[in-house]
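# Tertiary structure, described
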Amino acid sequence: LPFEEDFENYGEGKLARFFSDVNGAFETASGGVEGTGFCYRQVVTAQPISWWHGNMRPATLMGDPRWWGDYEVSADVLLEEPGYVELLGRVSAQAGMGIVGLHLQINDQGEWKLYSEDFDSSSQVMLSSGGEFARSKMTLDSGKVDFGINEWHHMALKMKGKQLDVLIDN
């Protein structure tokens, strides 16, 4: 660390080193921040047929889930249609329909929330009703900012010990 990726050395339609797609497909695309350079774009938006009988959100992950040190994760993001984008930190696992860790989620209306997702410790088996591991979610903070479709925004999640800082457009 630190690690930074601007996707400039890949060209169009490539997979980025150190990134791992989960239930989705992401690749490099032209038209980064302010329409220059390259970005990493979700290219498959249709929900795939699930082996888990559920609906897991597409994600691309990078980093080492065994290391929970102090760090900041940030990204320049652009929503091309109504929906939301998430920035994840301190991810430790993925199973069933969930990704264990901290989630900074913001939607096209500017409503953001920081929440923690974990496996429910009382259930280590798949649930027959939902086809997934039991999960627990806890909202840590939320708010509203100016955030629109087809506009680039910068979002960051800083983690230092138990202190968490959320930055949206600085």
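Scroll up to find the structure this text is about.
Now for a look at the structure at hand. Only a predicted model underlies this, so the values are computations on that prediction, with no experimental measurement involved. (Residues numbered from 1 in each chain as written. Predicted model: local features only at pLDDT ≥ 70, side-chain atom pairs only at ≥ 80, totals over all residues. Heavy atoms only, no water.)

### Comments concerning the pattern of salt bridges
This model, assessed by the stated rule, comprises two salt bridges. A salt bridge links Glu80 to Arg41, with the shortest nitrogen-to-oxygen separation between them at 2.9 Å. Taken together, the residues Glu80 in the loop between strand S5 (71-78) and strand S6 (84-95) and Arg41 in strand S3 (residues 38-42) connect sequence positions 39 residues apart. The exposure class assigned to Arg41 is partly exposed, which follows from its relative accessible area of 37%. (Salt bridge = Lys/Arg side-chain N within 4 Å of Asp/Glu carboxyl O. Helix = DSSP H or I, 4+ residues; strand = E, 2+ residues; numbered from the N terminus. Buried < 20%, exposed > 50% of the residue type's maximum accessible area, 1.4 Å probe, protein only.)

### A look at the side chain of Arg90
In this fold, Arg90 is placed in strand S6. Arg90 sits in the buried class, given a relative accessible area of 8%. At 2.9 Å, the side chain of Arg90 and the backbone oxygen of Gly161 are in polar contact. Aside from chain neighbours lying at most four places away, what touches Arg90 is Trp68, Gly69, Asp70, Tyr71, Val100, Gly101, Leu102, Met159, Lys160, Gly161 and Leu164. (Polar contact = N/O pair within 3.5 Å; in protein donor to acceptor, adjacent residues only side chain to side chain. Contact = heavy atoms within 4.5 Å.)

### Quick look at the sheet that holds strand S11 (residues 163-168)
The strand order S5-S10-S11 describes an open sheet built from three strands, whose pairing is antiparallel. Each edge of the open sheet carries a strand with a single partner, namely S5 and S11. Each strand of the sheet is rotated relative to its neighbour by a mean of 10°, with strand direction disregarded. (Pairing = 2+ DSSP bridges. Axes fitted to C-alpha atoms, helices over the stretch in contact; angles between N-to-C directions.)

### Concerning the layout of surface pockets
Within this model, the second largest pocket holds a volume of roughly 190 Å³. As for the second largest pocket, its lining consists of Trp68, Arg90, Val100, Gly101, Leu102, Ser116, Glu117, Asp118, Ser136, Lys137, Met138 and Leu140. Broken down by secondary-structure element, the contributors of at least two residues to the lining of the second largest pocket are strand S7 (98-107), strand S8 (111-119) and strand S9 (135-144). The biggest single contributor to the lining of the second largest pocket is S9, with four residues. (1 Å grid on protein atoms, 1.4 Å probe; cavity = no way out; pocket = protein on both sides within 12 Å on 5 of 7 lines; lining within 4 Å. Points joined across faces, edges and corners; volume = space filled by probe spheres on them.)

### Description of the nonpolar core
Taken as a class, soluble globular proteins show a tendency for nonpolar side chains to be buried jointly. Within the largest apolar cluster, 14 residues are counted, with the highest numbers of intra-cluster contacts made by Val85, Leu104, Ile106, Trp112, Phe147, Met155 and Leu157. Elements supplying a minimum of two residues to this core: S6, S7, S8 and strand S10 (152-160). Setting aside residues no more than four positions away along its own chain, Phe147 makes contact with Val77, Leu79, Val85, Ile106, Asn107, Asp108, Gln109, Gly110, His153 and Ile168. Val22, Ala59, Val91 and Ile99 belong to the second largest nonpolar core, which has six residues in total. (Core = buried A, V, L, I, M, F, W, Y, C linked by side-chain atoms within 4.5 Å.)

### Side note on the packing of aromatic side chains
Under the definition given, this model contains six aromatic pairs. Ring centres of Phe19 and Tyr40 lie 5.1 Å apart, and the angle between their planes is 50°; on these two criteria the pair is classed as tilted. Linking Phe19 in strand S1 (residues 19-22) with Tyr40 in strand S3, this pair joins segments that are 21 residues apart in sequence. In this structure Phe19 comes out as partly exposed when scored by relative accessible area, which is 22%. The class of Tyr40 is buried, set by a relative accessible area of 17%. Taken together, a centroid distance of 6.3 Å and an interplanar angle of 20° make the contact between Phe26 and Tyr40 stacked. Taken as a pair, Phe26 in strand S2 (residues 26-30) and Tyr40 in strand S3 lie far apart in primary sequence, 14 residues in all. Here the two residues Phe26 and Tyr40 agree in accessibility, since each one is buried. (Phe/Tyr/Trp six-rings, centres within 6.5 Å; stacked < 30°, edge-to-face > 60°.)

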